[in-house]
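Chain by chain, the residues run as shown.
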2 protein chains.
Amino acid sequence: MGVKRGRSERTTLVDVASRAGVSAITVSRVLREPEKVSSSLRQRILELIDDMGYVPDQAARALASRHNSTFGVLVPSLTNRAFISFMQGIEERVRDTHFRIQYANTHNSRDEEQRQVKLLMSQNTAGIILAGLEGVEAVNELVRRASCPVVQVVDVGLQTPGVGIAVDHSDAAAAAVRHMIACGYKRIGLVGGSLDERGRRRTDGYSRSMVQAGLYDPNLIHHENATPTTQMGCRLLRRLMRICPDVDAVFCENDDLALGVLFECQRLDKKVPDEFGICGYNDLDFASVTEPPLTTVRIPLFEMGFRAADALVRGVDGRPSEPNTINLGYELIERRTLRRPIGQQ
Amino acid sequence: MGVKRGRSERTTLVDVASRAGVSAITVSRVLREPEKVSSSLRQRILELIDDMGYVPDQAARALASRHNSTFGVLVPSLTNRAFISFMQGIEERVRDTHFRIQYANTHNSRDEEQRQVKLLMSQNTAGIILAGLEGVEAVNELVRRASCPVVQVVDVGLQTPGVGIAVDHSDAAAAAVRHMIACGYKRIGLVGGSLDERGRRRTDGYSRSMVQAGLYDPNLIHHENATPTTQMGCRLLRRLMRICPDVDAVFCENDDLALGVLFECQRLDKKVPDEFGICGYNDLDFASVTEPPLTTVRIPLFEMGFRAADALVRGVDGRPSEPNTINLGYELIERRTLRRPIGQQ
DNA sequence: CTGTTAGCGCTTTCAT
DNA sequence: ATGAAAGCGCTAACAG
């Protein structure tokens, strides 16, 4: 049988209508404004629709009504679990509405991003969520001209046309590193994946706190230009230890990296947290159950998605959200991969 | 500024055409068959398109041409990392084609699945990939009537209309458990997430091997009806040990579960693999770098996605793939969470 | 190489 | 409560 290539003509509204002996618009109403059709007629038409296997053509619908009930969501990567949580937040908000989600992936490329944004707009989407590659003027310009609500996930302090869902990554990282210093670690390394805007801001925060404490040393900073993975965490820790054998803790820009670092420490027989401290970022699902449980910075990924989608839903309803950027904050989750702060118990 | 709600009229093909002093079709051609337009004219129109910020309306395009260049992909969940790998395979194949991907999520519900399949079909998608909830006759019926290529990801042995990408989960699980038995483990538990078709088949495979060895005991089998997570792995191991304190190994239906089990063993100070054996499933990214590295069953998730998308791309091109189900196999990856098989070194 | 004429399948607007 | 007419923005099919 193979791949099916339908040649059969599709059942249309008119087909159903003529079979029912009514006009097309009536069938259309049955589907969209059932209360405007007498219940007996409605009943009959509904059955017919079912029998004939009629399914409305969304393209025609979108064209005629100039409405489209899908939201476009642009994320930089599918591999990064941070975005998965984010996407789940979006789904949760959108579930039980009539909206659909269309994901697109920029593969971390700015060109791709522009292309995709244009494409989403050309599809007359009901709304767009842009995550991950913030701060590009060309994209902002597109957003300004957009004919639908657009929500951008940005870093605090960045200008956005439209609604922004923000987190201060620089501040979050700085706070985490300050805490590590308070725990008595001195040679604190940084490991991270691709240096997108968020990564850069986290690195800034790290540097700020290290400089402030007089502990800064560029040799402690290690990046690899790709999506952060557990394997990368292992590699980066080994590299870090080779270059700075006296490193005594590491701030990971992502929990997946931290997981790799943790395993590598086990292999090297370094005791966590006494000999070596680890701090993650994002508070992903597994962070609470590693051994020892991972100290990390919780970023409200799920809520960010939820709020972003919420802004779209409201925006489309004609109740535009507040005219600006919503800062969702962060939280340091102290578990057991860092020593207790000095002076505390 | 708030959410933007565009009221501005959209630039259309006709707008561009009249400004250029040509007819609409010429502009249309510049976009789709540039070689059919003289290069000077083309040049001029291209600039105009850029200046005026014209972007084609996909709905109109789809309606007029009765073609749509998006593939619909239906997966049961976004949380399960197995599907993420699968999706990456799809993306890889589709990248550099003109096709776009639209994901939908069934949230593991059969009703949702039917609704979504109908919806995808109503959108006149160029092709559909169905993963995760195989074996539902109502869906198969829809697939048969589909007017576009449909690829289903199924378990070997299941009938599918259209192309099937298959893996024999029952066989894979049976082989893994047989191997565990060969390693000398006797009280081998099973932990798993939601019992979808694949889960059921894996459980079957486990049971088969256990019965064969005279080792079967239903008390060893533990499921929790949700997406498998690392946390769930921890919980399930604790439950298993409470009910069967003599359990000496566990087969996990997913690597995320195995990760939880591994950490829980560390907490309980059970030595892996000597005192306790662990076998995962899927060979996710982190499996090779845990400590000890995780023995697991590799399922070619990425390739499954790639091949599924490939079948669609070919099918749409009019070169339908082979008329049946492609079995992609599995592979037992021996690492260090199981003892060496008895008799081997 | 460029244009004309239809019409995709639906919804809008205005009647009845 | 139901319908007629018009048209959404684009492309197919055929001219020239």
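Just so we're clear, the structure is a prediction, and the values are computed from it rather than from any experiment.

What counts as what
- Residues numbered from 1 in each chain as written.
- Chains lettered and ligands numbered in written order.
- Predicted model: local features only at pLDDT ≥ 70, side-chain atom pairs only at ≥ 80, totals over all residues.
- Heavy atoms only, no water.
- Helix = DSSP H or I, 4+ residues; strand = E, 2+ residues; numbered from the N terminus.
- Rg over C-alpha atoms; globule rule 2.2 N^0.38 Å.
- Buried < 20%, exposed > 50% of the residue type's maximum accessible area, 1.4 Å probe, protein only.
- Contact = heavy atoms within 4.5 Å.
- Lys, Arg positive; Asp, Glu negative; His and termini not counted.
- Charge placed at Lys NZ, Arg CZ, Asp CG, Glu CD.
- Expected span 1.5 Å × (residues − 1).
- 1 Å grid on protein atoms, 1.4 Å probe; cavity = no way out; pocket = protein on both sides within 12 Å on 5 of 7 lines; lining within 4 Å.
- Points joined across faces, edges and corners; volume = space filled by probe spheres on them.
- Nonpolar A, V, L, I, M, F, W, Y, C, P; charged D, E, K, R; others polar.
- Disulfide = S-S within 2.5 Å.
- Domains from an automatic or database assignment.
- Buried area = accessible area lost by both parts, 1.4 Å probe.
- Salt bridge = Lys/Arg side-chain N within 4 Å of Asp/Glu carboxyl O.
- Polar contact = N/O pair within 3.5 Å; in protein donor to acceptor, adjacent residues only side chain to side chain.
- Near = heavy atom within 4 Å.
- Least-squares fit on C-alpha atoms with pLDDT ≥ 70 in both.
- pLDDT = per-residue confidence, 0-100.
- Pairing = 2+ DSSP bridges.
- Axes fitted to C-alpha atoms, helices over the stretch in contact; angles between N-to-C directions.
- UniProt positions renumbered as here; feature names shortened; annotations may be inferred.

Attention shifts here to the overall build of chain A. The helix and strand tally for chain A stands at 12 helices and 12 strands. For a compact globule of 345 residues, the expected C-alpha radius of gyration is about 20 Å, and chain A comes in at 26 Å, more than 25% above that figure. Across its three principal directions, the C-alpha atoms of chain A cover 85 × 45 × 40 Å. Evaluated residue by residue, chain A yields a buried proportion of 58% over its 345 residues. Counted over contacts in chain A with a minimum sequence separation of 6, partners at least 24 positions apart contribute 70%. Separation between the mean location of the 44 positive side-chain charges and that of the 43 negative ones in chain A comes to 3 Å.

Residues and elements named next belong to chain A. The first and last C-alpha atoms of helix α10 (residues 230–243) sit 20 Å apart over 14 residues, in line with the 20 Å expected at 1.5 Å per residue. All of the buried residues along α10 are T230, M232, G233, C234, L236, L237, L240 and M241. Buried-residue contacts for α10 involve β6 (188–192), β7 (221–223), β8 (249–252) and α11 (255–268).

Here the second largest pocket is characterised by a volume of approximately 720 Å³. Along the walls of the second largest pocket sit 36 residues, with T79 and R81 of chain A together with R81, I84 and L284 of chain B positioned nearest its centre. Going through the elements one at a time, α5 (81–94) and α10 of chain A together with α5 (81–94), α10 (230–243) and α12 (301–317) of chain B are the ones with two or more residues in the lining of the second largest pocket. Within the lining of the second largest pocket, the residues separate by chemical class into 13 nonpolar, 14 polar and 9 charged.

Quick look at the state of the cysteines now. Residue and element names in this part refer to chain A. Enumeration according to the criterion identifies 0 disulfides over all chains in this entry. C265 supplies the cysteine sulfur nearest to C244, a cysteine that is in no disulfide, at a spacing of 15 Å. Using a relative accessible area of 2% as the deciding quantity, one classes C244 as buried. For C252, which is in no disulfide, the shortest distance to another cysteine sulfur is to C279 and amounts to 7.7 Å.

Right, let's talk about the domain arrangement of chain A for a bit. Assigned domains of chain A: these are domain 1 (7–56), domain 2 (67–167 + 301–329) and domain 3 (169–299). Centre-to-centre, using C-alpha coordinates, domain 1 of chain A lies 61 Å away from domain 3 of chain A.

This paragraph deals with the interface of chain A and chain B. If you look at the interface, chain A gives 72 residues, while chain B gives 72 residues. Taken together, both faces of the contact between chain A and chain B bury some 6,200 Å²; the carbon and sulfur share is 56%. At the surface where chain A touches chain B, the tally comes to 4 salt bridges. For R267 of chain A, the salt bridge identified is with E291 of chain B, shortest N-O distance 3.0 Å. Inspection of the region where chain A meets chain B yields 20 residue pairs in polar contact (both at pLDDT 80 or more). Elements with a minimum of two residues in the side of chain A that touches chain B: α4 (58–65), α5, β2 (100–105), α6 (110–122), α7 (137–145), α10, α11 and α12 (301–317) of chain A. Ranked by residue count, the leading element in the side of chain A that touches chain B is α11 of chain A, at 6 residues. Residue classes in the side of chain A that touches chain B are distributed as 32 nonpolar, 24 polar and 16 charged.

Taken together, 25 residues sit near DNA strand C, with L13, S28 and Y54 of chain A together with T26 and R29 of chain B positioned nearest. Sugar and phosphate atoms represent 69% of those atoms of DNA strand C found within 4 Å of the protein. Separating a phosphate oxygen of DNA strand C from a backbone N or O atom of S38 of chain B is a distance of 2.8 Å. Contact distances for DNA strand C include 3.1 Å between a sugar or linking oxygen and a side-chain N or O atom of R66 of chain B. Those elements that place two or more of their residues in the surface near DNA strand C are α2 (24–32) and α4 of chain A together with α2 (24–32) and α4 (58–65) of chain B. The element that contributes the greatest number of residues to the surface near DNA strand C is α4 of chain A, accounting for 4 residues. Its residues assigned to classes, the surface near DNA strand C shows 12 nonpolar, 6 polar and 7 charged.

What follows is about the relation of the copies chain A and chain B. In screw terms, the move from chain A to chain B is a rotation of 180 degrees and a rise of 0.0 Å along the axis, fitting with an RMSD of 0.1 Å. In short, the pair behaves as if placed about a two-fold rotation axis. A shared interface surface links the copies, since 100% of the contact residues of chain A are contact residues in chain B too.

The next thing to look at is the environment of T125 of chain A. Residue and element names in this part refer to chain A. Among the structural elements, T125 can be located in the loop between α6 and β3 (127–131). Sequence spacing of T125 and R66 is 59 residues, and the spatial spacing of their C-alpha atoms is 9.8 Å. Beyond its immediate stretch of four places on either side in the chain, T125 contacts N68, T70, F71, G72, L120 and C148. A polar side-chain atom of T125 sits 3.0 Å from the main-chain carbonyl oxygen of L120.

This part covers the confidence of the model for chain A. Confidence in the prediction of chain A, expressed as mean pLDDT, is 89, and 94% of residues score 70 or more. Contacts for the low-pLDDT stretch residues 1–8 of chain A, under 50 throughout, to residues beyond four places or in other chains number 29 contacts.

Next up on the list: the sheet that holds strand β7 (residues 221–223) of chain B. All names here are of chain B. The strand order across the open sheet built from 6 strands is β7-β6-β8-β9-β10-β12, with neighbouring strands paired in mixed fashion. The two strands at the open ends of the sheet, each matched to only one other strand, are β7 and β12 (331–333). The average undirected angle you get between the axes of adjacent strands in this sheet is 20 degrees. Pairing of strand β10 (residues 295–298) with β12 involves 3 bridges; the strand directions are antiparallel.

What follows deals with the protein's contact with DNA strand D. For DNA strand D, the set of nearby residues contains 25 residues, the closest of which are T26 and R29 of chain A together with L13, S28 and Y54 of chain B. Near-protein atoms of DNA strand D (within 4 Å) split between backbone and bases, with sugar and phosphate holding 68%. Within the backbone of L13 of chain B, one N or O atom sits 2.5 Å away from a phosphate oxygen of DNA strand D. The contact in question runs from a base nitrogen of DNA strand D to an N or O atom on the backbone of A60 of chain B, over 3.4 Å. Elements supplying a minimum of two residues to the surface near DNA strand D: α2 and α4 of chain A together with α2 and α4 of chain B.

Let us look at the UniProt feature "domain: HTH lacI-type" (unreviewed entry) in chain A. Under the present numbering, the feature "domain: HTH lacI-type" (unreviewed entry) in UniProt falls on residues 11–65 of chain A. Between the first and last C-alpha atoms of residues 11–65 of chain A the distance is 20 Å; the span itself is 71% helix and 0% strand.

Residues and elements named next belong to chain A. If you trace the backbone, P76 turns up in the loop between β1 (70–75) and α5. Along the primary structure P76 and G89 are separated by 13 residues, whereas in three dimensions their C-alpha atoms are 16 Å apart. Leaving out residues up to four positions away in the same chain, P76 has contacts with F83, N105, T106, H107, N108, A131, G132, L133 and R198.

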